[in-house]
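Now for the letters of each chain:
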Amino acid sequence: MSKSRNNDPFWWSFFGAGGVFSSFFVPIHILLLGLALPLGWVLWPEHGDLLALARNPLARIYLFLLIALSLFHAAHRIRFTLHDLLLAKSIDTPAAFVCYGGAIVGTLCAAMTVWTL
Amino acid sequence: MQKTITIQVKRYIPEKQPTPFYQDYEVPLETKWGVLDALTYIKDELDGTLAFRWSCHMGVCGSCGMMVNGQPALTCATFLEEYLPGPICIEPLDHFPVIRDLVIDTDAFMGKLKYVKPWLIPAEERSVDDGENRQTPAELAAFKQYTLCINCLLCYSACPVVGLNEDFLGPAAIALAQRYNYDSRDAGQTQRHDVLLDHGGAFDCTLIGECSRACPKHVDPTGAIQRYKADGAMEFWKRLLLPRGAAKR
Ligand code: FES
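Residues numbered from 1 in each chain as written. Chains lettered and ligands numbered in written order. Predicted model: local features only at pLDDT ≥ 70, side-chain atom pairs only at ≥ 80, totals over all residues. Heavy atoms only, no water.

Draft legend 1. Representation of the overall build of chain A in the model. Looking only at helices and strands, one finds four helices and zero strands in chain A. Beginning at the N terminus, the succession of helices and strands in chain A can be written as α-α-α-α. The C-alpha atoms of chain A give 18 Å as radius of gyration, which overshoots the globular expectation for 117 residues (13 Å, by more than 25%). Dimensions of chain A, computed from the C-alpha atoms along their principal axes, are close to 60 × 30 × 20 Å. Within chain A, buried positions represent 32% of all 117 residues. When contacts within chain A are restricted to residue pairs at least 6 apart in sequence, long-range pairs at least 24 apart make up 71% of them. Carbon together with sulfur atoms contributes 77% to the accessible area of chain A, which is approximately 7,600 Å² in total. With 7 positive and 5 negative side-chain charges, chain A shows a separation of 13 Å between the mean positions of the two kinds. (Helix = DSSP H or I, 4+ residues; strand = E, 2+ residues; numbered from the N terminus. Rg over C-alpha atoms; globule rule 2.2 N^0.38 Å. Buried < 20%, exposed > 50% of the residue type's maximum accessible area, 1.4 Å probe, protein only. Contact = heavy atoms within 4.5 Å. Areas by Shrake-Rupley, 256 points an atom, 1.4 Å probe, with all protein chains shown as cover. Lys, Arg positive; Asp, Glu negative; His and termini not counted. Charge placed at Lys NZ, Arg CZ, Asp CG, Glu CD.)

Draft legend 2. Representation of helix H7 (residues 171-181) of chain B within the structure. The buried count for H7 of chain B comes to eleven of eleven residues, which makes it a mostly enclosed element. The complete set of buried residues in H7 of chain B reads Pro171, Ala172, Ala173, Ile174, Ala175, Leu176, Ala177, Gln178, Arg179, Tyr180 and Asn181 of chain B.

Draft legend 3. Seen up close, the interface of chain B and chain A. Each partner contributes to the interface: chain B provides 23 residues, whereas chain A provides 18 residues. A combined buried area of about 2,000 Å² lies between chain B and chain A, and 65% of that area is made up of carbon and sulfur atoms. Sorting the residues of chain B by area buried against chain A places Leu164, His199 and Phe236 of chain B first, and these three jointly supply 34% of that buried surface. Seen at the junction of chain B and chain A, the total is zero salt bridges. Taken together, the links from chain B to chain A amount to five residue pairs in polar contact (both at pLDDT 80 or more). At the level of secondary structure, the elements contributing two or more residues to the side of chain B that touches chain A comprise helix H6 (160-164) and helix H10 (221-241) of chain B. By residue number, the principal contributor to the side of chain B that touches chain A is H10 of chain B, which donates six residues. (Buried area = accessible area lost by both parts, 1.4 Å probe. Salt bridge = Lys/Arg side-chain N within 4 Å of Asp/Glu carboxyl O. Polar contact = N/O pair within 3.5 Å; in protein donor to acceptor, adjacent residues only side chain to side chain.)

Draft legend 4. Structural context of the packing of aromatic side chains. Residues and elements named next belong to chain A. All told, the structure shown has 18 aromatic pairs over all chains when counted by the stated rule. Look at phenylalanine 14 and phenylalanine 72: their rings are 5.4 Å apart centre to centre, the planes differ by 35°, and that puts the pair in the tilted class. In this pair, phenylalanine 14 sits in helix H1 (residues 8-36) while phenylalanine 72 sits in helix H3 (residues 57-86), placing the two residues 58 residues apart along the sequence. The exposure class assigned to phenylalanine 14 is partly exposed, which follows from its relative accessible area of 26%. Here phenylalanine 72 falls in the buried class, since its relative accessible area comes to 11%. Look at phenylalanine 21 and phenylalanine 25: their rings are 5.0 Å apart centre to centre, the planes differ by 55°, and that puts the pair in the tilted class. (Phe/Tyr/Trp six-rings, centres within 6.5 Å; stacked < 30°, edge-to-face > 60°.)

Draft legend 5. Just a nonpolar patch on the surface, in detail. All names here are of chain A. Judged by side-chain polarity, Ile28, Leu31, Leu32, Leu33, Leu35, Leu39, Trp41 and Val42 come together as a nonpolar surface patch covering roughly 790 Å² of accessible area. In this fold, leucine 35 is placed in helix H1. Residue leucine 35 is classed as partly exposed on the basis of its relative accessible area, which comes to 36%. (Patch = residues over 30% accessible without salt bridge, like charges linked within 9 Å, V, L, I, M, F, W, Y side chains within 5 Å.)

Draft legend 6. Representation of the domain arrangement of chain B. Residue and element names in this part refer to chain B. Domain boundaries in chain B define domain 1 (4-104) and domain 2 (107-241). On the domain 2 side, the residues contacting the 14 residues of domain 1 number 16 residues. Among the residues domain 1 hides against domain 2, the three largest losses belong to Pro72, His95 and Phe96. Together they make up 46% of the total. Across the contact surface, domain 1 and domain 2 share zero salt bridges. Joining domain 1 to domain 2, the criterion identifies five residue pairs in polar contact (both at pLDDT 80 or more). Going through the elements one at a time, strand E3 (65-68) and strand E4 (71-74) are the ones with two or more residues in the side of domain 1 that touches domain 2. Counting residues per element, the side of domain 1 that touches domain 2 draws most heavily on E4, which supplies three residues. Of the residues in the side of domain 1 that touches domain 2, the class split is nine nonpolar, four polar and one charged. (Domains from an automatic or database assignment. Nonpolar A, V, L, I, M, F, W, Y, C, P; charged D, E, K, R; others polar.)

Draft legend 7. Quick peek at the environment of serine 184 of chain B. All names here are of chain B. Tracing the backbone shows serine 184 in the loop between H7 and helix H8 (189-196). Judged by relative accessible area, serine 184 falls into the partly exposed class, the value being 39%. Residues serine 184 and leucine 140 lie 44 residues apart in sequence; the distance between their C-alpha atoms is 8.1 Å. Apart from residues lying up to four places away in sequence, serine 184 is in contact with Gln135 and Glu139. Among the polar contacts listed, one links the side chain of serine 184 to the side chain of glutamine 135, at a separation of 2.9 Å.

Draft legend 8. Fine view of the pattern of salt bridges. Residues and elements named next belong to chain B. In the structure shown here, the tally under the stated rule is twelve salt bridges over all chains. Between arginine 11 and aspartate 101 there is a salt bridge, and its shortest N-O distance comes to 2.9 Å. Placement of arginine 11 in strand E1 (residues 4-11) and of aspartate 101 in the loop between strand E6 (98-100) and strand E7 (103-104) is noted, with a sequence separation of 90 residues between them. Like arginine 11, the residue aspartate 101 is buried in the burial classification. Here the residues in one salt-bridge network are Asp194, Glu235, Lys238 and Arg239, joined through shared partners.

Now the structure itself:
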């Protein structure tokens, strides 16, 4: 076993948190935006009202966590799926770099978007 | 009515031939014969040079694990009738070096097992005079499932991560670590964290779940490893954020 610290528990923490967060909340968004609104079960809100809601500090935090944690969840899962599908250990370091790098870039974009809403 | 069945055995006799080869044997199709009975018949009646391991013939010792038609199985608990009309292909367990025929080398696994310290590490030394070290039924239930492992190594054959990464401790070793981590008499969790958090530890698992499917004793190593990941991640952050020493209880 090598001497360097194993960072996998670090990434796994975000994967785990993202799994819990997205499995609770993403279905609500799918139900609302994917079904209830298009099918007319509920009335479309006014753009201004929605924007005001999203600008609430708590809503900003919620949106940021939802997007960022889901990205890290996906990144970790995709990294491991590549490892398992391609049956290659050598792919792991580049895959980790691309997946977590993508999640970090996405998180920064999410932070900026949520901040400047 | 079919009277015999073909058993195709992957053979490896290093002193005679450097590469493995397949050999077919025709075996009587007796009702209630396990694959192990067929191998015993071959050894007794057809070919005494065939090498394989077994001991209890009742799914307890864990020494008769082999690949049966490509799937890891205890050959004493796998019946010929399940594979009619045959043939049945028997190979040594995947992901292990082979010593001869169906006999695998388990040394690497034994080494890994030692790493996780699968024994009680009490907080304080106890002597016989201290009397029994008692547990409630609930305390026993917390880890009992993980005591059922018979070290048959089917989970190592089933796990693709074991095949890719020879440093990975593997399903049974981590489940056994958890067997002691969840024992109320044990205080060795910190020592086991050192190994389980490291490269090759529990976080190398990619959650495929084949180990739990292969396990003949329903130990559910997948579940044991996932539970560890939650505990291990907490410990990781403690070690990262708390001052040295405070994280180690
Ligand atoms: S011979 Fe003991 S488990 Fe099969």
